[in-house]
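Structural overview for review
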Amino acid sequence: MRFTNLTRGAGIGSNCYRLDLPDGTVILDCGMHPERVGRDATPMLEEIGGEAIRTTILTHAHQDHVGCLPLLQSGQPGMPVLMTPGTARIAEIMLHNSVNVMTRQQEELKITDAPLFTHQSIETASRKWRRCPLDRPLDLDGGRGNSGDVSSTTITFYDAGHILGSTGVLIRSGGKKFFYTGDVNFEDQTIQTGARFPEEEIDVLLMETTRGDAPLPSDFTRIKEEQRFGSAVASALSEGASITIPVFALGKTQEVMAMLWKMQRERIIPPTPLYIGGLSSKITAVYDAMAGEVSRNLPRLKLMEAVTPYVAGGTEIQSLSPRKRSIYALSSGMMTEHTLSNIFARKVLPDSSQYIFFVGYSDANSPAGRVRQAQLGSDVQLSEKAFVPFHCHREIFTFSAHSRREDLLSYAIKIRPKTIFLVHGDNPAVEWFKQELSNALPYTKVFAPTPGVPVDL
């Protein structure tokens, strides 16, 4: 068994990992870096070369885990790709949207190596996707696996509690057990129930570290944070203001919609117009369609019917202005250039009567990260050429879809792996986990795997 990190530049970006097993090579995720373009946004697929990959496993459909899957599949035409039904439905939407984004980048930025794939290549690639159930050992093709045969390789998906369809994956091979958390949340969210991971001892753990540098107050609870959020929304609306909430189209939009729905039912806030983007509406429709098929809170809640949001498209956003007592939950959560939240923020940030609320993760170097850190009255850079004065009200809340660091640490200690690989985090996050895990598990090898360098297990 040998492990190689294929994430270009490491950190939180184009997540992709290679696991060489006695009966073939497995790729875990194949993402695209959300803040880079062209080949620079891809994993280190050149390290694979012409080698045949036995199978690929997809943990969930966020862009940084799925975005380059068609690129990988184009060089592996017979390779199956294993994922849950929810991930498959959302991945198609995300990848087709990615082609549109890459095509626009090619036109505007004159990028010669974009788009990396086409709508047709997605249709071709999706024919090799295998929709897999949770909690059932499978073989490398996604069929029923023989868990009693230690010489064979089996793959088992476990609910990761991150977004619809997200999983961790347990790989048994040659009598050894390798577990990849993917992106995980052990705590219940508004819609999403917390992760249900195996608690047996594991030989090798591949673990995300997103929130390693994000300590929370000792008295923090999600319930208290929801109450604080509700009070802030109610206060802003009572002033006649609008509220802009940059959100990820996948996961965060649906959580915010569900929170606002609950707040209206409990009469914390009055009935309020809500605007979301076109990509968000497509993904929310999948959440609604699969509400009764997956483990979730509020299984009967159909968000598009109950909330009835206005859907703002890319052309409409240019002329859309903040309306009084309205909420705009617009993607992207990072306020990336050319996205709805970035364009709309240019009308919000200069206005001292407006509010902007942040509810999840933002990279410090992204436009959202810069707005979060900006001093009142300063100019904030939203794009290469756009600097906008910052005068609006700003509130920051913690509704992360990633586990708090203490919960991940507790899980690692419980399963006592012989080796731990720390990925999907910036340097301070990884260093916190390295220190804490080394103290708690002195006989465990703890690595931050260097991209492109194989590690024999």
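Residues numbered from 1 in each chain as written. Predicted model: local features only at pLDDT ≥ 70, side-chain atom pairs only at ≥ 80, totals over all residues. Heavy atoms only, no water.

Concerning the overall build of the protein
This is how the line gets drawn: Only runs of H or I of at least four residues qualify as helices and only runs of E of at least two qualify as strands under DSSP, and these elements are numbered from the N terminus. With the radius of gyration taken over C-alpha atoms, the globule rule is written as 2.2 Å times the number of residues to the power 0.38. Exposure is judged per residue with a 1.4 Å probe applied to protein chains only, and the accessible area is read against the type maximum: over 50% gives exposed, under 20% gives buried, and values in between give partly exposed. Working rule for contacts: check all heavy atoms of both residues, and any pair within 4.5 Å makes them a contact.
When you go through the protein residue by residue, the secondary structure sums to twelve helices and 21 strands. Relative to the compact-globule value of 23 Å for 457 residues, the protein shows a C-alpha radius of gyration of 22 Å, a close match. Expressed as lengths along the three principal axes of its C-alpha atoms, the size of the protein is roughly 65 × 50 × 40 Å. Here the protein holds 457 residues, and the buried ones make up 57% of them. Summarising the internal contacts of the protein: among those between residues at least 6 apart in sequence, 71% fall at separations of at least 24.

Some words on the nonpolar core
Across soluble globular proteins, you tend to see nonpolar side chains buried next to one another. The following threshold applies: The term nonpolar core refers to a set of buried residues drawn from Ala, Val, Leu, Ile, Met, Phe, Trp, Tyr and Cys, joined through side-chain atoms within 4.5 Å.
Core analysis: the biggest nonpolar cluster contains 42 residues, and I90, F117, W129, L250 and I283 have the highest contact counts within it. Elements represented by at least two residues in this core include exactly strand 3 (24-30), helix 2 (69-74), strand 5 (81-83), helix 3 (85-109), helix 4 (119-126) and helix 7 (278-289). It is helix 3 that contributes the most residues to this core, eight residues altogether. Not counting the four nearest positions on each side in its chain, I90 is found in contact with A61, L164, L250, V286 and Y287. If you look at the next biggest cluster of nonpolar residues, it comprises 30 residues, including I243, V256, L274 and V359.

Focus on unusual backbone geometry
For the bond running from S331 to S332, omega is 10 degrees, close enough to zero to count as cis. Tracing the backbone through its elements, the reader meets S332 in the loop between strand 14 (327-330) and helix 9 (340-348). For D135, which is not glycine, the phi dihedral falls at a positive 60 degrees. Summarising the element assignment, D135 is placed in the loop between strand 6 (129-131) and strand 7 (154-159). Its relative accessible area of 47% is what places D135 among the partly exposed residues.

Focus: the packing of aromatic side chains
Note the cut-off: Whether two aromatic rings pair depends on their centres lying within 6.5 Å, for rings of Phe, Tyr and Trp, where Trp uses its six-membered ring; planes under 30 degrees apart make the pair stacked, over 60 edge-to-face, and the rest tilted.
Applying the stated criterion across every chain, the model contains 21 aromatic pairs. Centre to centre, the rings of F186 and Y411 are 5.4 Å apart; their planes meet at 40 degrees, and the pair counts as tilted. Here Y411 lies in helix 11 (residues 405-415) and F186 lies in the loop between strand 9 (176-180) and strand 10 (204-208), a separation of 225 residues in the sequence. Take Y411: its relative accessible area is 5%, and that puts it in the buried class. A centroid spacing of 5.2 Å and a plane angle of 80 degrees characterise the contact between F229 and F397, whose relative ring orientation is edge-to-face. Taken as a pair, F229 in helix 5 (residues 222-238) and F397 in the loop between strand 18 (393-396) and helix 11 lie far apart in primary sequence, 168 residues in all. F397 matches F229 in its accessibility class, with the two residues each being buried.

Describing the side chain of E255
Among the structural elements, E255 can be located in helix 6 (residues 252-265). When its relative accessible area of 5% is taken as the criterion, E255 is described as buried. Leaving out residues up to four positions away in the same chain, E255 has contacts with Q189, T190, I191, Q192 and R222.

Topic: helix 6
The condition is simple: Multiplying one less than the number of residues by 1.5 Å gives the expected span of a helix.
Here helix 6 spans 20 Å end to end across 14 residues, near enough to the 20 Å set by a 1.5 Å rise per residue. For helix 6, a buried count of eleven out of 14 residues is recorded, marking the element as mostly surrounded by other parts of the structure. Taken together, the buried positions of helix 6 are K252, T253, Q254, E255, V256, M257, A258, M259, L260, W261 and M263. On its buried face, helix 6 is in contact with helix 5, strand 11 (243-246), strand 12 (274-277), helix 7, helix 8 (303-307) and strand 14. Where helix 6 ends, the next residue or the one after it, R267, has phi of about 60 degrees, a positive value.

Section: the pattern of salt bridges
Should the charged atoms of two oppositely charged side chains come close, the side chains can pair. Our working rule: What counts as a salt bridge is simple: a side-chain nitrogen of Lys or Arg found within 4 Å of a carboxyl oxygen of Asp or Glu.
All told, the structure shown has 18 salt bridges when counted by the stated rule. Across the pair D159 and R196 runs a salt bridge, and its minimum N-O distance is 3.5 Å. A residue pair is termed long-range when its members are at least 10 positions apart, and D159 in strand 7 and R196 in the loop between strand 9 and strand 10 qualify at 37 residues. Classification of R196 as partly exposed rests on a relative accessible area of 39%. R172 is the salt-bridge partner of E200, the closest N and O atoms lying 2.8 Å from each other. Taken together, the residues E200 in the loop between strand 9 and strand 10 and R172 in strand 8 (residues 167-173) connect sequence positions 28 residues apart. On the basis of relative accessibility, which here comes to 30%, the residue R172 falls in the partly exposed class.

Let's talk about the sheet that holds strand 15 (residues 355-358)
The condition that has to hold: When DSSP locates at least two bridges between a pair of strands, those strands are taken to pair. Axes, fitted as lines to C-alpha atoms, cover a helix only where it is in contact. Angles between the N-to-C directions of the axes lie from 0 to 180 degrees.
Taken together, the six strands give an open sheet; going across it, the order is 13-12-14-11-15-18, and neighbouring strands pair in parallel fashion. A single partner strand is all that each edge strand has here, and the edge strands are strand 13 (310-312) and strand 18. Averaged over all neighbouring strand pairs, the angle between strand axes comes to 25 degrees, with direction disregarded. Across two bridges, the pairing between strand 11 and strand 15 is parallel. Following the sheet pairing, T244 is matched in strand 15 by I356.

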